[in-house]
Amino acid sequence: MCGISAIASHKPVAAKLLTALQNLEYRGYDSCGMALLHEGQLSLRKNVGAVDEVDALEKFRKMEGSLGIAHTRWATHGGVTKENSHPHYSNDKKFVIVHNGILSNYQQIQRDLKSKGYRFLSETDTEVFSNLVQEEYKQAENVETAFCNAIDKLQGSYAIAMITTHQPDTIFAVKKDSPLVLGINDGVNYVSSDINAFIAETRDTIILDDMEYLLVKNDNYVIKNLLTRKEKSKQVITVQWDRQTAQMGGFSHYMLKEIFDQPQTVRNALHVPNEQIQTIAGKFIEKEQSFCVGVGTTYYVAMVGTYLFSKYANLYVPSISADEFPTLIPVNKDNHVLFFSQSGETYDTRMAIRKARNCGAATSAVVNVVGSSISQEVDDCIFQGSGPEICVVSTKAAVSQIIILWRIALEVGVLRNHLSRKDADAFQGRFFKFSETIGQVLNEESGFIRDLASKTSRVRNWLFMGKGIYYPIALESALKMKEVTYLHAEGLPAGFLKHGTLAMVDEEMYSLFFLPYKDDSDLYNSTLMSIEEVKARNGKVVAFCAEDDDEIKKLLDFGLIIPKTDPELTPLIQLIMAQLFSYYSALNLGLNIDKPRNLAKSVTVG
Ligand code: F6R
C-alpha cells in the first residue's frame, strides 16, 4: 500500500511534491522518492525511511523541473530497500513511473521482458510496467498508445502515474481498483491517491473511476476511457475539507487532535441526510437476513451494531470480521451486508464485498474516504464526513460510524414497528446534546486520564472487560491500547472471565472494567461480580464509574469518573475516554503515536 502524486505546472514542482508526500505519508512510510523532468531530462531521487529522513538525505527541493511524480511506499513486493522504492525507470531511462496496488501477473510479464533482454533492478511488481511501456513504444511510437497497450497487459490493482522524455509536458495516469484523483487549479494540475495530498493548493477535484486514464498538462487535462480510448467529461467536485482541517491544529499528535475532533465529527455524522439512512435501513427490511462486516476497529464497530439492532429494532444482525466472511458466511440474494471502512481500501473488506456481490446479496457501506474503492463497489454508500484521519490508529472515524449505525438501527426499529417515530426522532436531539457532552468530557477529564496513564505506566498486562454493548467497546479499547502502546491488552466479556482467563489474575495483572451507571442495574451488577472476582485474586482494578458511586469507588484501585450524561450513550463516552487513556499511556512510553509499528492506515494486502 502506497501513496502516489504527480504535478504538472508552469513553475518548479519539487517543493509541492514534497508536501504531497508528507500529506500522503499515512498511506505508507518505509521509503519514498521523486522523479522530475527538466529541459528534456529525467532525474530521480529515492531512498529508505520516512519522508523527512529521505528528504534530509536526498534534498528533494533541489530537484529541478515543472513536471514530476512522487511516491511514498509501504512494502508489499520486495523488502524495504532503495532499489525497491519508487519511482522506477524503464531500462532506457526515458519513462519513469510510480504505482500503488499489486500487479498480479508481473512475473509472467517480467519473464517475457527478460527474454527480450530487459534487466530488472528491483524485486517489485511495479518495475515491469515502465519496461513494458518502453517495449510497447517501439511499435506504437506514440506514448499514449504505448501506455494504454501496456495497461491492457496488466492484471491486478493499480493507480499509476508516468512521465516520459518523449512527451515532456504530460503526466499519464490510470486507475483500476486503487484510488486516484485529479486536482485542478489555474496553470497547475495535480494527480494523487488522495485529495489530502494537494488540499492546500486546490479543492476542485475529479474522482477517477476504474478503467479511466488521464493525460494531464499544466493548463489542461483529458480523461479517457481505457476500453474505448474516447474522451469523457466528468463532474468537478469541490471538497469541503480545508487545509486547517488536514493539519494538526496545535495538538502534539494527530491522534490527540482526532480524538478532540469528535464533537464535530459526531455532528457531521448527524448531518448525513435522512434519505441515505432510510435507503440502507430499507435493505434490512427488504432482505431476509442482514450482516454487519468490518475488520480491526471496524469489526468492533460492526459488533456494536449487533447490540444496537437487537435493542432498537428487535432484530438479530450478526457481525462478522471481513477476513472471515468469505469462508464463513453462505450469502445469497436474500441477504444484505453492511460494510464499514474508514479508508475504503481495506483488502479483507473488499474481498468480503466481492463475495457478497458475487452471491447476489445487496451491499451497502459507511466509508470516510470519498472516491475510495469500497465506496464505488457497494450498491449504496454513506460518506460519514469525518474529514481526513491522519493518525494511523482510527479514533474519530469509528465513533462517527457508530453514530451512523445507531441512526440506521433506530430507523429499522421504526420500520419494524418496534419503535415509534416519535421516540426515534427524540433520539436525534439526544445525539446533538451528546456532541456537546463529548467536548465537555474531553476538556474536563483529560487531566485525570493523563494522571492515571502515568500512574499505570509500568503496567505491562491489561484485561479490558465489559458486558452487553460495553463488550465490543472493551474490545475496541483493548485494540487501541495494543496498537499505540504495544502492551498486552486483552478484551473479553466480563462474564467470560470466570471461565478460564481468571487464571491469569494476580497482583501484577491490571483490569479495566467498562462499568455502566447503577441505573442500568443488570449490566452493572453482573459487571460488579467480575470486579469482585478480580479483587479476590489480588488483581488491580481500574473502572469507569459515576462520581456519586461511593460503594464501587471503595473497591477500585483507580476510578475513571464518568460525568452524568445520557445513560444510553455512556458506552461511547467510555470509548472516547479509553482512546485518551491509550494515547497518554503511549505518550508516557515515548512511542511514535501517529505511526505505530506494524500498522498501516489502509491495509490493502490480504
Ligand atoms: C485500528 C486500525 C485498523 C483498521 C482496519 C480497517 O485503529 O487502524 O484496525 O480499523 O485495518 O481499516 P478501514 O477502516 O480503513 O477499513
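It should be emphasised that the depicted structure is a prediction, and the values quoted were computed from it without experimental measurement. (Residues numbered from 1 in each chain as written. Predicted model: local features only at pLDDT ≥ 70, side-chain atom pairs only at ≥ 80, totals over all residues. Heavy atoms only, no water.)

Caption draft 1: Spotlight on the overall build of the protein chain. When helices and strands are counted, the protein chain shows 18 helices and 25 strands. Over its C-alpha atoms the protein chain spans a radius of gyration of 26 Å, differing by no more than 12% from the 25 Å that the globule rule assigns to 606 residues. Dimensions of the protein chain, computed from the C-alpha atoms along their principal axes, are close to 80 × 50 × 45 Å. Sequence separation of at least 24 residues holds for 70% of the intrachain contacts in the protein chain that already meet a minimum separation of 6. (Helix = DSSP H or I, 4+ residues; strand = E, 2+ residues; numbered from the N terminus. Rg over C-alpha atoms; globule rule 2.2 N^0.38 Å. Contact = heavy atoms within 4.5 Å.)

Caption draft 2: Summary view of the pattern of salt bridges. A full pass over the atoms with the stated rule returns 31 salt bridges. Here Glu144 ties to Lys224 by a salt bridge, and the two come within 2.9 Å at their closest N and O atoms. Taken together, the residues span a long stretch of sequence, with Glu144 in helix H5 (residues 143-152) and Lys224 in strand E13 (residues 221-225) at a distance of 80 residues. A salt bridge links Lys535 to Asp557; the shortest N-O distance between them is 2.8 Å. (Salt bridge = Lys/Arg side-chain N within 4 Å of Asp/Glu carboxyl O.)

Caption draft 3: The arrangement of the site of the ligand in detail. With respect to spatial proximity, 14 residues lie near the ligand, and among them Ser341, Gln342, Ser343, Thr346 and Glu483 are the closest. At 2.6 Å, a side-chain N or O of Ser343 approaches an oxygen atom of the ligand. The separation between an oxygen atom of the ligand and a polar side-chain atom of Lys480 is 3.1 Å. For the ligand, the accessible surface in isolation is 410 Å², of which the surrounding protein chains cover 94%. For the shell around the ligand, the secondary-structure elements that each account for two or more residues are helix H9 (297-313) and helix H15 (470-485). Residue classes in the shell around the ligand are distributed as 4 nonpolar, 8 polar and 2 charged. (Near = heavy atom within 4 Å. Polar contact = N/O pair within 3.5 Å; in protein donor to acceptor, adjacent residues only side chain to side chain. Areas by Shrake-Rupley, 256 points an atom, 1.4 Å probe, with all protein chains shown as cover. Nonpolar A, V, L, I, M, F, W, Y, C, P; charged D, E, K, R; others polar.)

Caption draft 4: Here's a closer look at the nonpolar core. The biggest cluster of nonpolar side chains holds 90 residues, and the ones touching the most others in it are Trp406, Ile408 and Trp462. Considering each element in turn, this core owes the most residues, 12 residues, to helix H13 (residues 396-415). A domain split of this core shows at least three residues from each of domain 2 (245-418) and domain 3 (420-593). What Ile408 contacts, discounting residues up to four positions off in sequence, is Ile277, Ile280, Ala281, Phe284, Phe309, Leu338 and Ile382. Core analysis: the second largest hydrophobic core is formed by 29 residues, Val128, Val174, Leu215 and Leu226 among them. (Core = buried A, V, L, I, M, F, W, Y, C linked by side-chain atoms within 4.5 Å. Buried < 20%, exposed > 50% of the residue type's maximum accessible area, 1.4 Å probe, protein only. Domains from an automatic or database assignment.)

Caption draft 5: Spatial organisation of the sheet that holds strand E3 (residues 41-48). Strand order in the open sheet formed by 8 strands is E3-E2-E4-E1-E10-E9-E11-E15, with antiparallel pairing between adjacent strands. In this open sheet, the two edge strands, each paired with only one partner strand, are E3 and strand E15 (237-238). Strand direction decides the pairing type here: strand E2 (residues 31-38) and E3, joined by 8 bridges, are antiparallel. The residue bridging Met34 from the neighbouring strand is Arg45, located in E3. (Pairing = 2+ DSSP bridges.)

Caption draft 6: How the structure looks around the sheet that holds E13. Judged by pairing direction, the sheet is antiparallel, and its 7 strands sit side by side in the order E5-E6-E7-E8-E12-E13-E14 without closing on themselves. Two strands close off the open sheet at either side, each with one partner strand: strand E5 (88-89) and strand E14 (231-232). The sheet contact formed by E5 and strand E6 (residues 95-103) spans 2 bridges and is antiparallel. Along E6, the bridge assignment pairs Tyr89 with Val96. Seen against the sheet, helix H4 (residues 127-140) touches E5, E6 and strand E7 (156-164) and runs at an angle of roughly 130° to E6. (Axes fitted to C-alpha atoms, helices over the stretch in contact; angles between N-to-C directions.)

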